[in-house]
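An overview of the molecular structure
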Amino acid sequence: VQLQASGGGLVQAGGSLRLSCAASGRTFSIDTTGWFRQAPGKEREFVSALTWNIVTTFYADSVKDRFVISRDNAKKTVYLQMNSLKPEDTAVYYCAVASFYKGYNPLDTRAYDFWGQGTLVTVSS
């Protein structure tokens, strides 16, 4: 399974970006798709997740009411619409896929078995 993340870039504070994560490869199922981010000098942190069978969304408190996660089943693509961006949102954003439920909370990196290469989001003040 390959994950291709795209949509990052440079934006001014208050602006918007939409990240995409397209999954491809051998036949596989998706249990959960997540977005994480890592800022320079910081640990990777959870941003948002979406479970596919019974659609449930999760958001970090820091992005709630600003970011929206969604999916396109046919394209096996998940999106992260990021609005009202702040300088503290600057990070490399990674998408991840859990092909089956492993018993971990979707906020936990251990829930996922495939990771994308990351896309850089820079928010200027």
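What comes next is a walk through the structure. (Residues numbered from 1 in each chain as written. Predicted model: local features only at pLDDT ≥ 70, side-chain atom pairs only at ≥ 80, totals over all residues. Heavy atoms only, no water.)

Applying the stated criterion to the full structure yields six salt bridges. Taking the shortest distance from any N to any O, the salt bridge between aspartate 61 and lysine 64 comes out at 3.2 Å. On the basis of relative accessible area, lysine 64 is assigned to the partly exposed category, the value being 40%. The partner of arginine 110 in a salt bridge is aspartate 108, and the shortest N-O contact between them spans 2.7 Å. (Salt bridge = Lys/Arg side-chain N within 4 Å of Asp/Glu carboxyl O. Buried < 20%, exposed > 50% of the residue type's maximum accessible area, 1.4 Å probe, protein only.)

This part covers empty space enclosed by the protein. This structure, assessed with the given rule, holds one cavity of 30 Å³ or more. Roughly 30 Å³ of internal volume is contained in the largest cavity. In terms of lining, the largest cavity is formed by Leu3, Cys21, Ala22, Ala23, Ile30, Thr33, Trp52, Lys76, Thr77, Val78 and Val97. Breaking the lining of the largest cavity down by element, the ones donating at least two residues are strand 3 (17-24) and strand 8 (77-82). Looking at the lining of the largest cavity element by element, the count peaks at three residues for strand 3. Among the residues forming the lining of the largest cavity, the class breakdown is eight nonpolar, two polar and one charged. (1 Å grid on protein atoms, 1.4 Å probe; cavity = no way out; pocket = protein on both sides within 12 Å on 5 of 7 lines; lining within 4 Å. Points joined across faces, edges and corners; volume = space filled by probe spheres on them. Helix = DSSP H or I, 4+ residues; strand = E, 2+ residues; numbered from the N terminus. Nonpolar A, V, L, I, M, F, W, Y, C, P; charged D, E, K, R; others polar.)

What follows is about the state of the cysteines. Evaluated as defined, the whole model comprises one disulfide. Here cysteine 21 engages in a disulfide with cysteine 95; their sulfurs sit 2.1 Å apart. For the disulfide bridge between cysteine 21 and cysteine 95, the dihedral angle about the S-S bond is near 65°, and by the sign convention the bridge is right-handed. Placement of the pair is cysteine 21 in strand 3 and cysteine 95 in strand 9 (residues 91-98), with a sequence separation of 74 residues. Here the two residues cysteine 21 and cysteine 95 agree in accessibility, since each one is buried. (Disulfide = S-S within 2.5 Å.)

Moving on, we get to the pairing of strand 4 (residues 32-38). Among the seven residues that make up strand 4, six are buried, leaving the element largely enclosed by the rest of the structure. Relative to strand 5 (residues 45-51), strand 4 runs antiparallel, the two being bridged by six bridges. Bridge pairing in strand 5 links tryptophan 35 to serine 48. Two successive antiparallel strands, strand 4 and strand 5, enclose a turn made up of six residues, where glycine 41 displays a positive phi of approximately 75°. Bridge analysis of strand 4 against strand 9 gives seven bridges, and the strand direction is antiparallel. Across the sheet, residue glycine 34 finds its bridge partner in strand 9, namely alanine 96. (Pairing = 2+ DSSP bridges.)

Within the largest apolar cluster, 37 residues are counted, with the highest numbers of intra-cluster contacts made by Leu3, Trp35, Phe67, Leu80, Met82 and Tyr93. At the level of elements, strand 1 (2-6), strand 3, strand 4, strand 5, strand 7 (67-72), strand 8, strand 9 and strand 11 (119-124) are the ones that each hand at least two residues to this core. Of the residues forming this core, the biggest block, six residues, is contributed by strand 9. Residue contacts for tyrosine 93: discarding those within four places in its chain leaves Leu19, Trp35, Phe36, Arg37, Val47, Phe67, Leu80, Met82, Gly118, Thr119 and Val121. (Core = buried A, V, L, I, M, F, W, Y, C linked by side-chain atoms within 4.5 Å. Contact = heavy atoms within 4.5 Å.)

One open sheet holds the four strands; their spatial order is 1-3-8-7, and the pairing between them is antiparallel. Since the sheet does not close on itself, it has two edges, and those belong to strand 1 and strand 7, each with one partner. Averaged over all pairs of adjacent strands, the angle between their axes in this sheet comes to 15°, without regard to strand direction. Here strand 3 runs beside strand 8; their pairing, made up of six bridges, is antiparallel. Its bridge partner being in strand 8, cysteine 21 is matched across the sheet by valine 78. (Axes fitted to C-alpha atoms, helices over the stretch in contact; angles between N-to-C directions.)

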